[in-house]
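Fold and contact review
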Amino acid sequence: MPETPDPAPRPTSAATPAPTPGPPPTAAGSALRRGALGTADISFFVVSAAAPLTVMAGVAPVAILLGGIGAPAGYLLAGLTLTVFAVGFTAMSRHVRSGGAFYAYIARGLGKRVGIGAALLALVGYNGMEIGVYGLLGTTTADTGHALAGIDVPWLPVSLAGLLLIWYGGFRSIDFGAKLLGVLLVAETGILVLLAVGVLAEGGAHGLSAASFTPGAVLVPGTAAVLAFAFAAFTGFESTVIYRREARDPDRTIPRATYIAVAFLGLFYAFIVWTVIQAFGAEEVVTAAAEDPGGLFFAAITTYVGPWAADLMHVFIVTSVIASLLAFHNAINRYVLALSEEGVLPAALGRVHPRHGSPYLAGAAQTVLGAVIVLAFALAGADPYQQLLLWVNTPGMIGLMALMLLAAIAVPVYFRRTAHDEGPWRTLIAPVTAAVLLAVAIFLVVSKVGLFTGASTTVNTVLVAVVPAVFLTGLGLARRIRTRRPEVYARFAEEPAEAGAAAEPATPATPLEGAEPCPLPTPSSPEPESARSTPPVPKPAR
C-alpha cells in the first residue's frame with residue numbers, strides 16, 4: 001500500500017533527526033513557544049477570525065432582508081451543525097498531534113495523497129480568507145473617515161499599511177497576539193452588547209417577542225440563504241487545533257476552546273440579530289434592511305444608546321477587521337511552518353524567530369503574497385469590496401468548508417483503524433452526522449453564491465471551480481512528491497517523534513546504547529532527563 005512506506009527511510013541514521021515532522025527541529029534551530037496559550041487565548045484567536053462585529057453590522061442585515069425575522073434561527077442551526085462537527089474533530093485532536101491540523105487529520109484518515117491535496121486547499125483557503133479582507137479594511141476605514149470626519153480616505157494606502165501592521169503582529173510572539181486580540185475582541189463584542197442592553201432596557205420598538213424562533217418564521221424560502229450566510233459567519237472557528245504546539249495542556253485546552261468558540265458565536269450571533277429585529281419591530285425591520293442594509297445597526301444603536309455609540313461602532317468595525325486579519329495571518333503562518341517541516345514547502349519557511357518564537361519567514365512570505373494580490377487588484381482598477389474582498393474571500397470560504405467536510409469523513413475512518421477508548425458518539429455518530437450536514441451547507445453556499453459575490457454567472461462559476469481545481473492540483477503534487485521524494489511522502493503527517501516533550505533532547509533509546517557518543521553534555525547535567533540519557537551503564541530506563 002502506498003500509505004505505509006515510512007519504515008523505508010528510517011534505517012539511515014542521518015535521515016531520522018533532520019527532516020522529522022516533529023515540532024522542535026526547525027530550520028533555525030528555534031521552536032514555537034510551548035505552553036504560551038491557554039483556553040481563553042486560543043478562543044480569542046478563533047472568535048476574532050470570525051470578526052463578530054463586521055459580520056453583524058455588515059452581513060446580518062442582508063440575512064434579515066432575505067430570511068425575515070427568522071434569521072436568528074439560521075445562526076443557531078449553523079452553530080448546532082458545527083458543534084456536532086466539533087465532537088469528532090476534538091476527539092481526533094487527542095490522537096493526532098501533528099502541527100498540520102486539518103491536513104494531518106485528513107491524511108491519517110483518508111490517506112497521504114488526499115492529505116496533501118487538503119494541505120494545498122488549506123493554504124489557498126486561509127490565504128483567500130485573509131487577503132480579500134484587506135479590501136474590506138480599506139473600505140471600512142474609508143467609511144469611518146467619512147462618517148466621523150467627512151474626509152475621503154483612499155483604500156489602497158490603508159490596505160498596504162494594514163499589511164505591514166499585520167506582519168508585525170505575526171512577527172511578535174504568539175502571546176503578544178493573543179493579548180492584542182483579547183482587547184480588540186472585547187471592544188467589538190462590547191459595543192454589540194451595549195446595543196443589546198439599550199434595546200432590552202426599552203423593550204424594543206413594540207415590546208419583546210420570540211416570534212423569530214417560531215416554525216412559521218423559520219420555515220420560509222429565504223432560510224436557505226440565511227443558512228448560507230450563517231455558515232460563512234463561523235469561518236475560522238476550526239483553527240483552534242493549529243495552536244496545539246503552543247497550547248498549555250492541549251488535550252484539554254483545544255477541545256475547550258473549540259466548544260467555547262462555536263457556542264459563543266452561535267448564541268451571540270442569534271441573540272444580536274434577534275435584538276436588532278426587536279429594535280425596529282417585526283413588521284418594519286425588513287423594510288429598514290432593504291432601504292439601508294449598511295446603516296441598520298448604526299441606526300439602531302443611535303436610537304437606543306446615542307450617536308456617540310454609533311461613532312464608536314464605526315471605529316470598532318475597523319479594529320474588528322484588523323483582529324480578523326491578524327488571527328488568519330497567525331493561522332496561515334503555522335500551516336506554512338508545518339508544511340515546511342514536512343518537506344513539502346521550502347525549509348527556509350520553517351524558520352522560527354529565536355526571540356519571539358514566531359514563524360517569521362512564513363509571515364513575511366504571506367505578507368508579500370498579500371501585497372502582490374492587493375496591488376494587482378488596485379492596478380486593474382477593481383473595487384476593493386465588490387471584487388478584492390468578495391472574489392478572493394468566496395473560494396477561501398468554500399475551501400475551508402470543504403476541508404471541514406473532508407475532516408468529518410476522515411474521523412470515523414481513522415477511528416475504525418485505530419485502537420482507542422472513545423465512544424461511538426464521538427467516533428461515528430457525530431462525525432457522520434456532521435459530514436451530511438456540512439455537505440448540505442456547502443450545497444447551500446454554492447447554490448446561493450451569487451448573493452455573496454453579486455457577480456455574473458461566469459465569475460461565480462470560476463470562483464466555485466477554484467476549490468476543486470486546487471484540490472486536484474494537490475493530488476497531482478502528492479503524486480509528484482511520492483515519485484520524486486518518497487522519503488517526504490513517507491513522513492507526511494506522521495506523529496512527531498516526541499509529541500508531548502518540551503524539546504528535542506528526548507531521542508529514542510536505541511541510539512543511546514551505541515558506542516557513538518551523544519552530542520549532549522554527559523556528566524554534568526543534574527536534570528533527570530539528561531541523567532537518563534547519559535549513564536555509563538547501557539540500561540535504558542523504559
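In the block above lies the structure referred to throughout.
About the thresholds
Residues numbered from 1 in each chain as written. Predicted model: local features only at pLDDT ≥ 70, side-chain atom pairs only at ≥ 80, totals over all residues. Heavy atoms only, no water. Helix = DSSP H or I, 4+ residues; strand = E, 2+ residues; numbered from the N terminus. Contact = heavy atoms within 4.5 Å. Areas by Shrake-Rupley, 256 points an atom, 1.4 Å probe, with all protein chains shown as cover. Buried < 20%, exposed > 50% of the residue type's maximum accessible area, 1.4 Å probe, protein only. Salt bridge = Lys/Arg side-chain N within 4 Å of Asp/Glu carboxyl O. Axes fitted to C-alpha atoms, helices over the stretch in contact; angles between N-to-C directions. Parallel < 35°, antiparallel > 145°, perpendicular 65-115°, else oblique. Left-handed = near helix turned anticlockwise from the far one by under 90°. Nonpolar A, V, L, I, M, F, W, Y, C, P; charged D, E, K, R; others polar. Expected span 1.5 Å × (residues − 1). Phe/Tyr/Trp six-rings, centres within 6.5 Å; stacked < 30°, edge-to-face > 60°.

Turning next to the overall build of the chain. Across its full length, the chain holds 23 helices and zero strands. Restricting the contact set of the chain to residue pairs at least 6 apart, pairs at least 24 apart contribute 83%. Total accessible area computed for the chain in this model is approximately 22,200 Å², and 67% of it derives from carbon and sulfur atoms.

Mapped onto the elements of the fold, T144 is located in helix α7 (residues 133–149). By relative accessible area, which is 10% here, T144 ends up buried. Among all residues touching T144, those that are not within four sequence positions of it are A149, H314, V315 and V318.

On to the pattern of salt bridges. One pass over the structure, following the stated rule, counts six salt bridges. Salt-bridge contacts for R334 lead to E246; the nearest nitrogen and oxygen are separated by 2.7 Å. Taken together, the residues span a long stretch of sequence, with R334 in helix α15 (residues 307–342) and E246 in the loop between α11 (223–233) and α12 (250–280) at a distance of 88 residues. Accessibility expressed as a relative area gives 0% for E246, which makes it buried.

What follows is about the packing of helix α17 (residues 384–417) against helix α18 (residues 424–447). The N-to-C vectors of α17 and α18 enclose an angle of 160 degrees; their axes lie 8 Å apart at closest approach. In terms of axis orientation, α17 runs roughly antiparallel to α18. In this structure, α17 meets α18 at a crossing whose hand is left-handed. Considering only residue class, the contact of α17 with α18 consists of 22 nonpolar, one polar and one charged.

The N-to-C vectors of helix α1 (residues 39–50) and α15 enclose an angle of 120 degrees; their axes lie 7 Å apart at closest approach. When the axes of α1 and α15 are compared, the pair comes out oblique. The crossing of α1 and α15 is left-handed. Along the contact surface, α1 presents F45, S48 and A49, while α15 presents A323, S324, A327, F328 and N330. Considering only residue class, the contact of α1 with α15 consists of five nonpolar, three polar and no charged.

Here we take up helix α6 (residues 112–131). An ideal rise of 1.5 Å per residue puts 28 Å on 20 residues; α6 measures up with 28 Å between its terminal C-alpha atoms. Within α6, 16 of the 20 residues are buried, which leaves it mostly tucked inside the rest of the structure.

On to the environment of G216, then. Turning to its location among the elements, G216 is positioned in helix α10 (residues 215–218). A C-alpha to C-alpha distance of 8.4 Å links G216 and G70, two positions 146 residues apart in sequence.

With that settled, the discussion passes to the packing of aromatic side chains. Enumeration over the complete set of coordinates arrives at 17 aromatic pairs. For the ring pair Y103 and F492, a centre distance of 5.1 Å and an interplane angle of 25 degrees mean the geometry is stacked. Remark: F492 occurs in the loop between α21 (486–491) and α22 (509–513) and Y103 occurs in helix α5 (residues 102–110); sequence separation between them is 389 residues. Each of the two residues, Y103 as well as F492, counts as buried.

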